Amino acid sequence: MPRVKIVYSGIIGEIIGKSIEYIDTAREVKVEELIEILVEKYSVLREWLSKIPIILVQVNGVDSTNSTIIHDGDEVAIYTPLYEGG
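Residues numbered from 1 in each chain as written. Predicted model: local features only at pLDDT ≥ 70, side-chain atom pairs only at ≥ 80, totals over all residues. Heavy atoms only, no water.

Undergrad: Got a sec to walk through the overall build of the protein chain? Specific residues and values, please.
TA: Counting its regular elements, the protein chain contains 3 helices and 7 strands. Secondary structure elements in the protein chain, listed N-terminal to C-terminal, are β-α-β-β-α-α-β-β-β-β. Taken over C-alpha atoms, the radius of gyration comes to 13 Å for the protein chain, in line with the 12 Å a tight globule of 86 residues would show. Judged by the C-alpha coordinates and their principal axes, the protein chain covers about 45 × 25 × 20 Å. Here the protein chain has roughly 5400 Å² of accessible surface; of this, 53% comes from carbon and sulfur atoms. The positive charge centre, built from 8 side chains, and the negative charge centre, built from 14, are 5 Å apart in the protein chain. (Helix = DSSP H or I, 4+ residues; strand = E, 2+ residues; numbered from the N terminus. Rg over C-alpha atoms; globule rule 2.2 N^0.38 Å. Areas by Shrake-Rupley, 256 points an atom, 1.4 Å probe, with all protein chains shown as cover. Lys, Arg positive; Asp, Glu negative; His and termini not counted. Charge placed at Lys NZ, Arg CZ, Asp CG, Glu CD.)

Undergrad: Describe the environment of Ala 77, and please don't skip the residues or the numbers.
TA: The residue Ala 77 is located in strand E7 (residues 75-79) in this model. For the pair Ala 77 and Ile 11, spaced 66 residues apart in sequence, the C-alpha to C-alpha distance is 13 Å. With near-sequence residues (within four places) excluded, Ala 77 lies in contact with Val 7, Leu 56, Val 57 and Gln 58. (Contact = heavy atoms within 4.5 Å.)

Here is the structure:
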């Protein structure tokens, strides 16, 4: 069973209430599948993503796409883009 370390940064960590967690998945999953697992686990995340659906995901420090496959032992960082403005 693959075990994945998830690091939440910024507002995502705040709304979930943690900065790091480990998730066991039944098999290797794609990024989009992992996001769906997290949305099912954290209803507040689903609500937030319905309003601001922009998140960035890195797997082992490399920018990923929805189809990137996550393997056992990988570290996944989930965060929102930073904007400057005023």
